[in-house]
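What follows is each chain in one-letter form.
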Number of protein chains: 2
Amino acid sequence: MAPWAERLAGVRGVLLDISGVLYDSGAGGGTAIAGSVEAVARLKGSRLKVRFCTNESQKSRAELVGQLRRLGFDISEREVTAPAPAACQILKERGLRPYLLIHDGVRSEFDQIDTSNPNCVVIADAGESFSYQNMNNAFQVLMELENPVLISLGKGRYYKETSGLMLDVGPYMKALEYACGIKAEVVGKPSPEFFKSALQAIGVEAHQVVLSVY
Amino acid sequence: MAPWAERLAGVRGVLLDISGVLYDSGAGGGTAIAGSVEAVARLKGSRLKVRFCTNESQKSRAELVGQLRRLGFDISEREVTAPAPAACQILKERGLRPYLLIHDGVRSEFDQIDTSNPNCVVIADAGESFSYQNMNNAFQVLMELENPVLISLGKGRYYKETSGLMLDVGPYMKALEYACGIKAEVVGKPSPEFFKSALQAIGVEAHQVVLSVY
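Residues numbered from 1 in each chain as written. Chains lettered and ligands numbered in written order. Predicted model: local features only at pLDDT ≥ 70, side-chain atom pairs only at ≥ 80, totals over all residues. Heavy atoms only, no water.

### Here we look at the packing of helix H6 (residues 169-180) of chain A against helix H6 (residues 169-180) of chain B
Note the cut-off: For every element, the axis is a line fit to its C-alpha atoms; helices are fit only across the contacting stretch, and the angle between N-to-C directions ranges from 0 to 180 degrees. Comment: elements are numbered from the N terminus, with helices defined as DSSP H or I runs of at least four residues and strands as E runs of at least two. Any angle that is under 35 degrees is reported as roughly parallel, and any over 145 degrees as roughly antiparallel; angles of 65 to 115 degrees are reported as roughly perpendicular and all others as oblique. Here a crossing is called left-handed whenever its near helix is offset anticlockwise from the far helix by less than a right angle, and right-handed whenever the offset is clockwise. Between two residues, a contact is recorded if the distance between any of their heavy atoms is within 4.5 Å. Under the convention adopted here, Pro, Cys and the residues Ala, Val, Leu, Ile, Met, Phe, Trp and Tyr are nonpolar, Asp, Glu, Lys and Arg are charged, and Gly plus all remaining residues are polar.
Across the interface, H6(A) lies against H6(B) with an axial gap of 7 Å and an inter-helix angle of 140°. Of the possible angle classes, the one that applies to H6(A) and H6(B) is oblique. Judged by the sense of rotation from one axis to the other, the crossing of H6(A) with H6(B) is right-handed. Along its contact with H6(A), which presents A:Gly170, A:Pro171, A:Tyr172, A:Lys174, A:Ala175, A:Tyr178 and A:Ala179, the element H6(B) presents B:Gly170, B:Pro171, B:Tyr172, B:Lys174, B:Ala175, B:Tyr178 and B:Ala179. Each residue belonging to the contact of H6(A) with H6(B) can be placed in one class, and the counts come to ten nonpolar, two polar and two charged.

### What about the pairing of strand E7 (residues 120-123) of chain B?
Residues and elements named next belong to chain B. We apply this condition: Three exposure classes are used, based on accessible area relative to the maximum for each residue type with a 1.4 Å probe and protein chains only: buried under 20%, partly exposed in between, and exposed over 50%. One bridge is not enough; two strands pair if DSSP finds at least two bridges between them. Seen with its strands pointing away from the viewer, a crossover is right-handed when the path leading from the first strand over the helix to the second is clockwise.
Alternating positions in E7 separate into two faces, Cys 120 and Val 122 on one and Val 121 and Ile 123 on the other, with burial throughout. As defined by bridge partners, strand E6 (residues 98-101) adjoins E7 across four bridges and the pair is classed as parallel. By the bridge assignment for E7, Tyr 99 is matched with Val 121. In the sheet, E7 pairs with strand E8 (residues 150-153) via three bridges, with the strands oriented parallel. Among the inter-strand pairings, Val 121 is bridged to a residue of E8, identified as Leu 150. On the question of chirality, the crossover connecting E7 to the parallel E8 by way of helix H5 (residues 132-143) is right-handed.

### Quick notes on helix H4 (residues 83-93) of chain B
Residues and elements named next belong to chain B. To keep things clear, this is the line we draw: For this quantity, the arc is that covered by the directions from the helix axis to the C-beta atoms.
Those residues of H4 not exposed but buried are Pro 83, Ala 84, Ala 87, Cys 88 and Leu 91. One face of H4 carries all of its buried residues, which in axial projection span an arc of 140°. Opposite the packed face of H4, turned more than 90 degrees from it, sit the exposed residues Lys 92 and Glu 93. Close packing links the buried residues of H4 with E6, E7, E8, strand E11 (185-187) and helix H7 (192-202).

### A short note on the relation of the copies chain A and chain B
Quick note on the threshold: Our superposition of the copies is a least-squares fit, built on the C-alpha atoms of residues whose pLDDT is at least 70 in both.
For the pair chain A and chain B, the superposition axis carries a translation of 0.0 Å, the fit reaches an RMSD of 0.0 Å, and the rotation angle comes to 180°. Given the turn and translation reported, the copies of this chain are related as if by a two-fold rotation axis. When the interface residues of chain A are mapped onto chain B, 100% of them again fall at the interface, so both copies present the same face.

As structure tokens, this is what we get:
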């Protein structure tokens, strides 16, 4: 067997990133990256288990999947591991009530979360909602807590839109970390827990998976 | 001589910070900190040389001094060391044309600076002007440069307004540093060059000065 074939012999699953791997986001729903629609179709027609694993935090899974389906991708909501639902689980487990510094597009993922009298901050790729006023609100919430908790959905530096490079959540996470002298908890790539939950969803072990991430 | 008197015996000058030491900024011009108007008057009536040394970067020196005079302070523009004029000198010396991520109140300090076709970014306490759009503009300018230069007027984490704590320039400097993988050059406190230029202005050596900073 050729070395690469030997290496692939034990592979049972594939984790696919979405933004930058399947498509470039942007105005009008973004554009599929050449060959990716076909690649997903072939993978899903093979013996391999496929899981979509994204740090997309501007949109709900429903919105994201709708957009991808319109671009021709064979994908459903229950095949997607995304940081917002993972964060909701943490919030519930720890009794945390967040101030949400997030994009309106992802707000529906937090519908079941109590946001009254906040005792933590959740920050995501908020785009235009990263106003000074909103950042200052998040900062003031953190400064009033005895043990400030900042949960960041990913820590990406920037991403590519069809119109150019755009600041992601990471720089704003760093801004709040510096302002408050704290360290954020990152939910999403590259956190090992996040990848583990994606693997669990398809019942595949870490050594049996191939990763395609941006 | 008592130990403190012995220590003060060689003192020839005083560097006074402004925001948080002389006054708290805020709506309607802010408020003088109790006793500070009198303290400045007494210092200026003594044998000591007095220099005001501020990281204020939302206002021009003219505006700042006007505000302080209205609060009763004996202060003139030529007694103030501030980061914007220091930055202008650096820009001229190095042929840098900045994209200015600054507050409109301080823009007049950069009147003589060429800002066409930017080859660096100057960031200051921009307040509400720290919009996502403006931050992304600065980010894109930096990412297009072979040797990105980011000059930050101070690196304060936050300051106190009469209405509460406000994010200062430092967190936004950190955001751009992280996004671009670069290190900013800080002009203003706590840079040694900045303190040196304040001392030079009153002809006093570092070991002969008392500092009152926030």
